[in-house]
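Observations on chain architecture
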Amino acid sequence: MKHPILIKNVNIVNEGQIKIADVFIQNGVIENIGNLSGEITKDAKIIDGAGKYLFPGIIDGQVHFREPGLTHKGDLYTESRAAVAGGTTSFIDMPNTVPNVLTTEILDEKFRIASEKSWANYSFFLGVNNDNLDKVLQMNTSQFIGVSDDGLYFTKKGNLLADSPDTMEKLFSKCKSIIAIHSELEKTIEENEEIYMANYGEDVPIACHPLIRSEEGCYQSTKRAIAIAEKHKARLHILHLTTEAETHLFRNDIPLKEKNITTEVSVQNLWFSDKDYQRLGTLIKWNPAIKTDKDRKGLLQALLDDRIDIITTDHAPHTLEEKQKNYFQSMSGAPMVQHSLYIMLELYKQGLISLEKIAEKMCHNVAILYGIEKRGFICEGYFADLALVDLNSPWTVGKENILYKCGWSPLEGQTFQSKVTHTFVNGTLVYENGNFCEFIPGQRLEFN
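Residues numbered from 1 in each chain as written. Predicted model: local features only at pLDDT ≥ 70, side-chain atom pairs only at ≥ 80, totals over all residues. Heavy atoms only, no water.

**A look at the packing of helix H13 (residues 340-349) against helix H14 (residues 355-370)**
Worth spelling out the cut-off: Every axis in this analysis is a line fitted to C-alpha atoms, fitted for helices over the stretch in contact. Angles between the N-to-C directions lie between 0 and 180 degrees. Starting at the N terminus, helices and strands are each numbered in turn, a helix being any DSSP run of H or I of at least four residues and a strand any DSSP run of E of at least two. Roughly parallel here means an angle under 35 degrees, roughly antiparallel means over 145, roughly perpendicular means 65 to 115, and every remaining angle is called oblique. Crossings are classed by handedness, with left-handed meaning an anticlockwise turn of the near helix from the far one by less than a right angle and right-handed meaning a clockwise turn. Note on definitions: a residue-residue contact is assigned when non-hydrogen atoms from the two residues lie within 4.5 Å. Polar here means any residue outside two lists: the nonpolar Ala, Val, Leu, Ile, Met, Phe, Trp, Tyr, Cys and Pro, and the charged Asp, Glu, Lys and Arg; Gly therefore counts as polar.
Following both chains from N to C, one finds H13 and H14 inclined at 150°, their axes separated by 10 Å at the closest point. Between H13 and H14, the crossing angle belongs to the class labelled roughly antiparallel. For the crossing formed where H13 meets H14, the hand is right-handed. Between H13, through Ser340, Leu341, Met344, Leu345 and Tyr348, and H14, the contact on the second element is made entirely by Leu355, Ile358 and Met362. Looking at the contact of H13 with H14 residue by residue, the classes come out as seven nonpolar, one polar and no charged.

In C-alpha cells, the structure reads:
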C-alpha cells in the first residue's frame, strides 16, 4: 500500500480553470479534492502547495526512447527518468527501434522491458509500412493505441505512408486504430536535395534544411493524406506539424472527441525558428524541419484556436558525435522530454499561452485523443499522476542537470523561470526538489 500524501493549498490547473484546494492521494489515486480536514488525511505525508501550481502529469504522445537496439543514445530507464524530472508521467513510444516494431512479438517485448525499467507510464505504437501492411490488416487493430510509420524511413526509402497513396487507401479503409503518420513527400525532398547538392556538393549548409524539407513537401503530403482519410472515415493523426500553411487543413468547429482528423505540434517548433540554425547548427536538425518565425507563430495560433490538438516532444536522443556531422550525415532529432513543460511555462511567462491551455494541450487532450483511461485530469478517482510547479524559481539548463543518456540538449544555456518541484506517478512521489525518490515502474496505459 502506498503511503498517503496530502498536497495543501495548491493552485489546481484543470479543465479550464485554476482553483485553490487540497489534494489527497491514497492507494495510487486522487481520493479527495477540497478543503480537507485532518481526520480524513491523518498519517499522510504533507506537502505545502501554497503559491505553487499543480498540473496533471504531462502525457507525451510521441517519443523515441531507443530501446531495444539503440541504447547507446537512450533507453526506457534513462529517458523516462528524465521525463519525470520534467513533469511528464506518461509517454507513447514510436516504432523505429532495432528491430523496428513491426510484429506483436516485438511490441510485447517492449511492453515487458518497460514494465521493469520505466519510471513513467507507457504505451507503444505498432509500426506499419509496405513490408508488414497485409499482416497488420489481418490483426484486430483496435487492440493498439495506434499504428505509425514515424521514423521507419531511417530504415530504408519508401517507408513513409504519405508517399504511397495506394498504401494509404488500403490502410485507411481497414484500420480500426489511430493511424499516426510522418507527413512529408520524399520525392519533393529528393528533388530539393539534388538542387542544393548541385550548388554545395556534400557541404550543404544546415540553413538549407527547411528549404530541402520544404513547406510544399509538407503541405501537399498532409492535404493528400487528409483527403484519403476523409474518404474512408479513417482515424488519422498527423505527427509533428511544422508549417503555418498546414494548420489551415484542420478543423476547430467541433470538439476533439468528434474529430477523425487530428494533429500535434512539438515544443521545439513553438520555440525555435530558422534563425536559430546559425547559432545551433545541426543540433536543431529535425525531420520535418524547423521552419520560419512565421511558421512558429502560426503554429502557436493554431494551438490556441484548437486547430492543433496536442503538444508533444518527438524526443529523439542522438549522441553529440552523431549530431555534429555534416548536413547529410547528421542524425535528425534531439532530446526534449525533460524540458517540454519548461518551454511551455516560459511561453506562459511571455504572455503567449495560459496555464489552463497548457494543461489542456499537454494533458487533457492527449488522454482524450488516445482514449487513455483515468489520466490527464485532476479528478477524484483518477490515477495520481501529477506535476507540482513553482513558477518563480529560475534555473539554467547545463550539463550538470541534463538527465538524458546522450548528455546534451539544444537548450543548454537557456534560463527558465519555473521549476518542477515534485512529480507523482500513480500516487508515488518519484521526484522531489531535484532528487529522485522511490523507483516503482510505471504502468501500461489502458485505453478505449
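**Here's the deal with helix H4 (residues 165-174)**
The α-helix advances 3.6 residues per turn, and as a result positions three or four apart in sequence lie on the same side. Here is the rule: Only protein chains enter the area calculation, which uses a 1.4 Å probe; residues under 20% of their type maximum are buried, those over 50% are exposed, and those in between are partly exposed. Each direction from the helix axis to a C-beta atom contributes to the arc, which is the arc of those directions.
Within H4, burial applies to Thr167, Met168, Leu171 and Phe172. The arc enclosing the buried residues of H4, seen along the axis, measures out at 115°, which places them on a common side. On the buried face of H4, the contacting elements are helix H3 (133-137), strand E11 (179-181), helix H7 (215-232) and strand E12 (236-238).

**A look at the pattern of salt bridges**
Selection rule: We define a salt bridge as a contact between a side-chain nitrogen of Lys or Arg and a carboxyl oxygen of Asp or Glu at a distance within 4 Å.
Applying the stated criterion across every chain, the model contains 24 salt bridges. Close ionic contact of Arg112 with Glu116 constitutes a salt bridge, the shortest N to O distance being 3.2 Å. Of the two residues, Arg112 and Glu116 both sit in helix H2 (residues 104-117), four residues apart, roughly one turn of that helix. Notably, a salt bridge pairs Glu169 with Lys231, separated by 3.2 Å at the nearest N-O pair. One end of the pair, Glu169, is in helix H4; the other, Lys231, is in helix H7, and 62 residues separate them in sequence. Of the residues examined, Lys231 reaches a relative accessible area of 56% and is grouped as exposed. Overlapping salt bridges bring together Asp306, Lys357, Glu360 and Lys361 as one network.

**A word on the domain arrangement of the chain**
Applicable threshold: By convention here, the domain bounds are inherited from an automatic or database domain assignment. What gets called buried area is simply the loss in accessible area from a 1.4 Å probe that two parts show on being joined, summed for both.
Taken domain by domain, the chain consists of domain 1 (5-55 + 382-436) and domain 2 (58-370). In this structure, domain 1 and domain 2 have C-alpha centres spaced 27 Å apart. Carbon and sulfur atoms supply 69% of the area buried between domain 1 and domain 2, which totals about 3500 Å² over both sides. When the area that domain 1 buries against domain 2 is broken down by residue, the three leading residues are Tyr404, Lys405 and Trp408, summing to 21%. Taken together, domain 1 and domain 2 are joined by one salt bridge.

**A look at the sheet that holds strand E13 (residues 261-266)**
The condition is simple: Paired strands are those between which DSSP finds at least two bridges.
Pairing in this open sheet of six strands is parallel, and the strands run E9-E10-E11-E12-E13-E14 from one edge to the other. At either end of the open sheet lies a strand with only one pairing partner, and these are strand E9 (126-127) and strand E14 (310-312). Note: strand E10 (residues 147-148) against E11, two bridges, orientation parallel. Each bridged residue has a counterpart across the sheet, and for Val147 the counterpart in E11 is Ile179.

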